[in-house]
Amino acid sequence: INAEYMGISATPKMEVGGTNRPKDNDFTQQRLASWKPIVSDRFFYGVLLAVGIVFFAVGIPMLVGSSKVVEYEWDYTYCNKIGSTSTCDSQLRNPATGLLNTSAGITARCQCIVNVTLEGIGSDKAYVFYSLDKYAQDHRLYVLSRWSTQLRSSSVTGGTDCNPMTRSPQGLPYAPCGQAANSLFNDTITMFTASAVRVALSGKGIAWSSDVGGLYKNPTTAGALCSFADWSPSVVASPPNWPVRQCELGVDVSPRYNPWSPAFDSSGLGYENEDFIVWMRLASSLNFRKLYRKVQQSLPDGQYYFVVDYNYPVTQFGGRKSIVLSTTSWMGGQNPFLGAMYILIACISIAVPVAFVIMAMYMTPRKAQW
């Protein structure tokens, strides 16, 4: 568009002393004094040396702390059934055994023994973990298949996000709903000394305190949890892989089988059961471990064994499962990687300026060729 043709001046007029003129001061006229540092080679060397010293000071204590952690891991994916040469995995996958039947009346379980030798734990605090490999808890559909409002008991039924585990074949809503809840880890791990004395374990305090009673709440009821009307078997259904109702988590229902009962040191009732809460805090990697129990006594050096109720199938997707026994340090469990990386960066930060100083001392500038 031709501005002159439209009768508009193409150049805006600025009146002398007009309102658009910036004030005559150092700030608006950009006359303020400024600092223009010139980074010299000595300054550069000093910064790198300082970074190296700081990273050494942080990395060495982290590496030493990690090295003091005593950790054992035993794979029991293909452990043999007690008194048999067949593996519990083959027994579990055989439909004739009925071991995958999740009916509450089923009491037969495949048990196996994991013999271990412990050294260096003594009176230190120790923890029992279960470890799963090639288990994609971080899969997008698996992560979304839950209903947090239901887990806080703000709603009895689940939402559509729980698909495909929303309703039972009878049309009843699952409580809790979703893939994560339905796949709750149900192996049981019990520890004994060589003389068959049971080691004291506890499932209390294994979940985050912010989760217990916060993100996971039971409905308010005057009587027992199973008397809550909205949890009646005629109103809601338990996940199909569970042998007990949601209100029976953390309850001894003998002679029926419950892998999350006080008989196996499980703590908390219903949605506030800590085994359930630990499982529902999903892992972000393909291989992970979750806290199972806290050891409540000292473990002198010697022979021990674990008795495992083998209920959880993993070999169908190429997975593996292990028992981990570990102590902790001021920085948590065993993790030498972080401390080693700090030390590696420190070495590089110190080596670079040293190399440049040596080059400056023994290498002369190139002479001009003209």
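Residues numbered from 1 in each chain as written. Predicted model: local features only at pLDDT ≥ 70, side-chain atom pairs only at ≥ 80, totals over all residues. Heavy atoms only, no water.

Chemist: A description of the packing of helix α1 (residues 41–67) against helix α7 (residues 336–362) should follow, citing residues and the corresponding values.
Modeler: Packing of α1 against α7 leaves a shortest axis separation of 7 Å and a crossing angle of 155°. For the element pair α1 / α7, the angle class is roughly antiparallel. Crossing hand, α1 versus α7: left-handed. For the contact of α1 with α7, the residue count by class is 23 nonpolar, 5 polar and no charged. (Axes fitted to C-alpha atoms, helices over the stretch in contact; angles between N-to-C directions. Helix = DSSP H or I, 4+ residues; strand = E, 2+ residues; numbered from the N terminus. Parallel < 35°, antiparallel > 145°, perpendicular 65-115°, else oblique. Left-handed = near helix turned anticlockwise from the far one by under 90°. Nonpolar A, V, L, I, M, F, W, Y, C, P; charged D, E, K, R; others polar.)

Chemist: Can you explain the packing of aromatic side chains? Please cite residues and give values.
Modeler: For the structure on display, the rule yields 24 aromatic pairs. With a centroid separation of 6.3 Å and an interplanar angle of 25°, the aromatic rings of Y45 and F356 are classed as stacked. A residue pair is termed long-range when its members are at least 10 positions apart, and Y45 in helix α1 and F356 in helix α7 qualify at 311 residues. The exposure class assigned to Y45 is buried, which follows from its relative accessible area of 16%. For the ring pair Y135 and Y142, a centre distance of 6.4 Å and an interplane angle of 85° mean the geometry is edge-to-face. (Phe/Tyr/Trp six-rings, centres within 6.5 Å; stacked < 30°, edge-to-face > 60°. Buried < 20%, exposed > 50% of the residue type's maximum accessible area, 1.4 Å probe, protein only.)

Chemist: Account for the side chain of R146, naming residues and giving values.
Modeler: By the secondary structure assignment, R146 is in the loop between α3 (140–144) and α4 (148–151). The buried charged residue R146 lacks any salt bridge partner; its closest oppositely charged side chain belongs to D211, at an N-O distance of 7.9 Å. Among the polar contacts listed, one links the side chain of R146 to the side chain of Y216, at a separation of 2.8 Å. Setting aside its immediate chain neighbours within four residues, R146 contacts L151, D161, C162, C177, G178, Y216, M280 and L282. (Lys, Arg positive; Asp, Glu negative; His and termini not counted. Salt bridge = Lys/Arg side-chain N within 4 Å of Asp/Glu carboxyl O. Polar contact = N/O pair within 3.5 Å; in protein donor to acceptor, adjacent residues only side chain to side chain. Contact = heavy atoms within 4.5 Å.)

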